[in-house]
Amino acid sequence: QVQLVESGGGLVQAGGSLRLSCAASGRTFSSYAMGWFRQAPGKEREFVAAISWSGGSTSYADSVKGRFTISRDNRKNTVYLEMNSLKPEDTAVYYCAVDRLPYRFNTTPTPYGYWGQGTQVTVSS
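Residues numbered from 1 in each chain as written. Predicted model: local features only at pLDDT ≥ 70, side-chain atom pairs only at ≥ 80, totals over all residues. Heavy atoms only, no water.

**Student:** In this structure, what is going on with unusual backbone geometry? I would like to understand it.
**Tutor:** Note: most residues except glycine have negative phi, and most peptide bonds are trans. The backbone of Asn77 shows a phi angle near 55 degrees, a positive value even though the residue is not glycine. A positive phi angle, close to 50 degrees, is found at Ser85, a residue other than glycine. In this structure, Ser85 sits in the loop between strand S8 (78-83) and strand S9 (92-99). The class for Ser85 is partly exposed, based on a relative accessible area of 41%. (Helix = DSSP H or I, 4+ residues; strand = E, 2+ residues; numbered from the N terminus. Buried < 20%, exposed > 50% of the residue type's maximum accessible area, 1.4 Å probe, protein only.)

**Student:** Would you explain the nonpolar core in this entry?
**Tutor:** Within soluble globular proteins, side chains that are nonpolar tend to cluster in buried spots. Counting 35 residues, the largest nonpolar core has Trp36, Leu81, Met83 and Tyr94 as the members making the most contacts within it. The residues contacting Tyr94, other than those within four sequence positions of it, are Glu6, Leu20, Trp36, Phe37, Arg38, Val48, Phe68, Leu81, Met83, Gly118, Thr119 and Val121. (Core = buried A, V, L, I, M, F, W, Y, C linked by side-chain atoms within 4.5 Å. Contact = heavy atoms within 4.5 Å.)

**Student:** Looking at this structure, how should I read the packing of aromatic side chains?
**Tutor:** Given two aromatic rings, one states the distance between the centres and the angle between the planes to describe the pair. Inspection of the entire model under this criterion finds 7 aromatic pairs. Taken together, a centroid distance of 5.8 Å and an interplanar angle of 70 degrees make the contact between Phe37 and Phe47 edge-to-face. A residue pair is termed long-range when its members are at least 10 positions apart, and Phe37 in strand S4 (residues 34-39) and Phe47 in strand S5 (residues 46-51) qualify at 10 residues. Residue Phe37 shares its accessibility class with Phe47, and that shared class is buried. Each ring, one from Trp53 and one from Tyr103, has its centre 5.0 Å from the other, and the planes form 90 degrees; the classification is edge-to-face. Of this pair, Trp53 sits in the loop between S5 and strand S6 (58-60) while Tyr103 sits in the loop between S9 and strand S10 (112-115), and the two are 50 residues apart along the sequence. Following the ring pairs from residue to residue traces out a cluster consisting of Phe37, Phe47, Tyr112 and Trp115. One cation-aromatic arrangement involves Arg19 over Tyr80; the distance from NZ or CZ to the ring centre is 4.1 Å. The aromatic ring of Tyr95 is capped on one face by Arg45, whose charged end is 3.8 Å from the ring centroid. (Phe/Tyr/Trp six-rings, centres within 6.5 Å; stacked < 30°, edge-to-face > 60°. Lys NZ or Arg CZ within 6 Å of the ring centre and 35° of its normal.)

Here's what the structure looks like:
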């Protein structure tokens, strides 16, 4: 059974940093793109960042570009999201996800077939 477990969320002051991790188990995802999405209260889930199966390509939402960095370690079946210069508007539940098909790269939620349970990130002003 596939399972994605996020960790690293928490409460941080504006300008601070957090590093999210997402460990996948149940199968190997080295051929699949992985992504991070977030959902704030009353808002739709939105794309944050994605990384291709090889790690050679990345994509970021304009709102986090230059502040967040996505990376992956295929030996550990894990994807990371380094978040710097955090702002109150970054407050949300952050979800990691894995594409349902291999060798493609998407930045919308629909193609992603596996999701974690989410980790709360709260940025205080």
